[in-house]
Amino acid sequence: MSMHDYLSSTAPVRFQPLTRADRDAIVAFYDALSPVARYQRFHHPVTRLTPGLITLLCNIDGRDHAAIGAVVGTALVGVGHCVRLPEMPDSAEIAFAVSDRWQGCGLGRLLLQELAEHALQNGIARFHFSVLEENDAAVRLLAAADASLHTAGGQTHGEAAVAAYLPSDNSTVFHPRTPGISRRRSSNPVAEVTP
Ligand SMILES: CC(C)(COP(=O)(O)OP(=O)(O)OC[C@H]1O[C@@H](n2cnc3c(N)ncnc32)[C@H](O)[C@@H]1OP(=O)(O)O)[C@@H](O)C(=O)NCCC(=O)NCCS
């Protein structure tokens with residue numbers, strides 16, 4: 001397939017909660033990220049996921065650690081995690097990544113919206129996050145209207161109300177940069193994304 005054909009194709013993206021049973025797909029997703037994307041995700045060089053990191057990433061219970069996957073066909077192209085803070089149970093730390101090939105298409109924003117919806121249903125009202133200071137895409141994505149941000153040691157830390165990340169229109173979302181992207185709201189949300 002030529003790049004033109006690839007760029008003009010439209011792929012349906014589904015968002016679904018991940019479980020411990022998705023361990024192999026989650027590991028394959030992180031292993032397939034570029035070294036730069038893995039560095040941005042974990043804030044240090046990660047050549048391959050260690051057993052300890054795999055345990056952390058896959059210890060999903062859907063409540064205190066929820067993970068949402070963006071799936072095209074059978075491939076995981078994005079993963080977002082939401083981990084409740086034990087000392088502040090109405091708050092959670094979030095972290096996420098989108099496959100290199102799919103970055104910049106609006107998937108990160110949709111994934112964040114899915115995480116926000118799931119979090120609110122589980123009694124989480126505030127998101128906390130840490131991203132590398134130079135990670136413009138992540139900072140832009142997370143800098144919700146009321147987010148409080150501070151930068152130290154090369155990292156931008158922040159927190160914001162989960163509600164600030166919900167889609168403004170509950171029926172359809174159009175990404176401003178890619179008019180071809182939309183998400184239909186349903187019990188099994190589907191987005192049409194042109195990579
Ligand atoms: C951060 C990340 C998840 C964003 O996902 P994405 O699908 O590429 O992002 P989107 O296409 O939804 O764009 C999100 C916002 O970032 C902006 N953006 C995207 N790529 C950008 C870039 N290279 N530089 C500056 N801004 C960028 C978009 O304009 C958009 O803002 P807007 O809606 O106000 O226009 C993705 O780049 C990624 O996986 N990076 C590696 C891992 C990582 O950094 N994780 C975050 C730390 S936990």
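Predicted model only: the values in this text are computed from it and were never measured. (Residues numbered from 1 in each chain as written. Predicted model: local features only at pLDDT ≥ 70, side-chain atom pairs only at ≥ 80, totals over all residues.)

Some thoughts on the overall build of the chain
Part 1 of the argument: Each helix and strand counted, the chain has 6 helices and 9 strands in total.
Part 2 of the argument: Looking at the 195 residues of the chain, the share that counts as buried comes to 30%.
Part 3 of the argument: Across the chain, every contact between residues at least 6 apart in sequence was considered, and the portion connecting residues at least 24 apart equals 58%. (Helix = DSSP H or I, 4+ residues; strand = E, 2+ residues; numbered from the N terminus. Buried ≥ 20, exposed ≤ 12 C-beta atoms within 10 Å, placed from the backbone. Contact = placed C-beta atoms within 7 Å.)

Considering the nonpolar core
Part 1 of the argument: Core analysis: the largest hydrophobic core is formed by 39 residues, its most contacted members being L107, L111 and L115.
Part 2 of the argument: With 7 residues, the single largest contributor to this core is helix α5 (residues 107–121). (Core = buried A, V, L, I, M, F, W, Y, C linked by C-beta atoms within 7 Å.)

Notes on the site of the ligand
Part 1 of the argument: Surveying the vicinity of the ligand reveals 23 residues, the closest of which are Q40, Q103, G108, D136 and A137.
Part 2 of the argument: For the shell around the ligand, the secondary structure elements donating two or more residues are α3 (35–42), β4 (88–98), α5 and α6 (136–142).
Part 3 of the argument: Of the residues contributing to the shell around the ligand, the split by class is 12 nonpolar, 6 polar and 5 charged. (Near = placed C-beta within 6 Å. Nonpolar A, V, L, I, M, F, W, Y, C, P; charged D, E, K, R; others polar.)

Details of the pairing of strand β3 (residues 75–85)
Part 1 of the argument: Bridge count between strand β2 (residues 65–72) and β3: 8 bridges; the pairing is antiparallel. Bridge pairing links V72 to A75 in β3.
Part 2 of the argument: Hairpin connection of β2 to β3: 2 residues between the antiparallel strands, including G73 at a positive phi of 65°.
Part 3 of the argument: In textbook terms, the turn of a hairpin is the stretch between consecutive antiparallel strands, and for β3 and β4 this stretch comprises 2 residues. (Pairing = 2+ DSSP bridges.)

Some words on unusual backbone geometry
Part 1 of the argument: Located in the positive-phi region is H43, a residue other than glycine, with phi close to 70°.
Part 2 of the argument: Relative to the helices and strands, H43 resides in the loop between α3 and α4 (51–58).
Part 3 of the argument: The class of H43 is partly exposed, set by 15 C-beta atoms lying within 10 Å.

As for the environment of P86
Part 1 of the argument: Here P86 is to be found in the loop between β3 and β4.
Part 2 of the argument: For P86, a count of 7 C-beta atoms within 10 Å gives the class exposed.
Part 3 of the argument: When the C-alpha positions of P86 and D64 are compared, they lie 8.7 Å apart, and in sequence the two are 22 residues distant.

What about the confidence of the model for the chain?
Predicted coordinates in regions of low pLDDT should not be interpreted in detail.
Part 1 of the argument: Residues at a pLDDT of 70 or more form 81% of the chain, whose mean pLDDT is 86.
Part 2 of the argument: Confidence drops under a pLDDT of 50 for residues 170–189, and excluding neighbours within four residues, the segment shows 38 contacts in the predicted structure. (pLDDT = per-residue confidence, 0-100.)

Re the environment of H65
Part 1 of the argument: Positionally, H65 belongs in strand β2.
Part 2 of the argument: Owing to 18 C-beta atoms within 10 Å, H65 belongs among the partly exposed residues under this scheme.
Part 3 of the argument: Taking the C-alpha atoms as reference, H65 lies 5.7 Å from C82; in sequence the two are 17 residues apart.
Part 4 of the argument: The contacts of H65, once residues within four sequence positions are left out, are N59, I60, H81 and V83.

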